[in-house]
Amino acid sequence: MNVLKLAAFSQNGQGGNPAGVAFYDAMPSDEEMLRIAKEVGYSETAFLVKQADSWRVRYFAPELEIPFCGHATIALGTALGERFGAGEYKLILNQSEISVRTEKSEHGLSATLYSPETFSEDAPVEFVDEILAGFHLTRDQLDPAFPIRFASGGAKHLILVAKERKTLADMQYDFDKVRALMMDKNLITISLLWQASDEVFHSRNAFASGGVYEDPATGAAAAALAGYLRDIGWQGNHEFVILQGEDMGVPSRLVVRFSPKVGESVAVSGEVKYID
């Protein structure tokens, strides 16, 4: 079985987050998809089956199934574009229906996903304290302008915004402890962010729940962040860039666009390159 290997949200033809994309005539068993995801070894692999005018999609990390994965959606959008032409494709996920649009770009192909609806809510104080301890952080290191919240744009994330860029560069956490905390709250990633301007955020995303220490580009977290910013009344731009993966040596660039309407789908765009 041939699994396509692509890096989504690459920056100027470099970096990006690797994802597997596998086309099937019928969806394999959960056990088979988990086995393949472990063999591929990327943070996620997407499995696709054609259904009428849509594509049924499921996402697997090496340790568990994910309800929605942004970078794998960008990767599969590019694969669909190469096979069937540029345009918009409907995707049926486990809990929602979304779409992805693919088009030619300066470095080959790019794609834009339109996320599930967004929501956010305050995270319990005791849980946040345990997470901060696991990351060896204090509340004084976080920006009080950005409340600590759970946020979702198809998958659940925890949003932490640091006062200084150095906090991201120094990120370390206790993998097993944080993984257990994340599993308890059904968290996909923990987003540690720093706002460089109204147009640029820097991000690092811990993905212990999926068996991966860190994700170099996280489209689902980008959608969740946009919904969160909208919910807290952020006064920055409704189009911004997330720079991620820099501290891993895997530069990634995500372009995010959202409307003022609370809960509405978020557009996340990026370029894709094939992995040799």
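Below, the structure is looked at part by part. Everything numeric in this text was worked out from a predicted model, so none of it was measured.

1. Structural notes on the environment of Glu-214
Note that Glu-214 resides in strand β14 (residues 212-215). C-alpha separation for the pair Glu-214 and Asp-140, spaced 74 residues apart in sequence, amounts to 24 Å. With residues near it in sequence (within four places) discarded, Glu-214 still touches Met-171, Arg-204, Asn-205, Phe-207 and Met-248. Here Arg-204 takes part through its side chain, which lies 2.8 Å from a polar atom of the side chain of Glu-214.

2. What about the environment of Ala-7?
Here Ala-7 is to be found in strand β1 (residues 4-10). A C-alpha to C-alpha distance of 21 Å links Ala-7 and Val-266, two positions 259 residues apart in sequence. Here Ala-7 is in contact with Gly-15, Gly-16, Asn-17, Pro-18, Glu-271, Val-272, Lys-273 and Ile-275, once residues within four sequence places are set aside.

3. Here we look at the nonpolar core
Ranked by internal contacts, the top residues of the largest apolar core, which has 57 residues, are Tyr-59, Leu-76 and Phe-240. Tallying contributions element by element places helix α6 (residues 219-231) first for this core, with eight residues. Excluding residues within four positions of it along the chain, Tyr-59 makes contact with Thr-45, Ala-46, Glu-65, Ile-66, Pro-67, Phe-68, Cys-69, Ala-72, Thr-73, Leu-76 and Leu-93. Grouped together as the second largest cluster of nonpolar side chains are 24 residues, Ala-123, Leu-158, Leu-160 and Met-171 included.

4. Some remarks on unusual backbone geometry
The phi angle at Ala-52 is positive, at roughly 50 degrees, despite the residue not being glycine. With relative accessibility at 71%, the residue Ala-52 sits in the exposed group. One non-glycine residue, Asn-186, lies in positive phi territory at about 60 degrees. Following the sequence through the fold, Asn-186 ends up in the loop between α5 (175-184) and β12 (189-195). With a relative accessible area of 57%, Asn-186 lands in the exposed category.

5. As for the side chain of Thr-102
With respect to the helices and strands, the residue Thr-102 is situated in strand β7 (residues 97-105). A relative accessible area of 2% places Thr-102 in the buried class. In terms of polar contacts, Thr-102 uses its side chain to reach the backbone carbonyl oxygen of Ser-110, at 3.2 Å. What Thr-102 contacts, discounting residues up to four positions off in sequence, is Gly-77, Thr-78, Gly-81, Gly-85, Ala-86, Gly-87, Tyr-89, Leu-109, Ser-110 and Ala-111.

6. Overview of α6
The end-to-end C-alpha distance of α6 is 19 Å, a good match for the 18 Å that 13 residues give at a rise of 1.5 Å each. Within α6, 12 of the 13 residues are buried, which leaves the element mostly enclosed by the surrounding structure. Every buried residue belonging to α6 is among Gly-219, Ala-220, Ala-221, Ala-222, Ala-223, Ala-224, Leu-225, Ala-226, Gly-227, Tyr-228, Leu-229 and Arg-230, and all of these are buried. The first or second residue beyond α6 is Gly-233, which carries a positive phi of 75 degrees.

Definitions and cut-offs
Residues numbered from 1 in each chain as written. Predicted model: local features only at pLDDT ≥ 70, side-chain atom pairs only at ≥ 80, totals over all residues. Heavy atoms only, no water. Helix = DSSP H or I, 4+ residues; strand = E, 2+ residues; numbered from the N terminus. Contact = heavy atoms within 4.5 Å. Polar contact = N/O pair within 3.5 Å; in protein donor to acceptor, adjacent residues only side chain to side chain. Core = buried A, V, L, I, M, F, W, Y, C linked by side-chain atoms within 4.5 Å. Buried < 20%, exposed > 50% of the residue type's maximum accessible area, 1.4 Å probe, protein only. Expected span 1.5 Å × (residues − 1).

Such coordinate-based values are descriptive only and should not be taken to indicate function.
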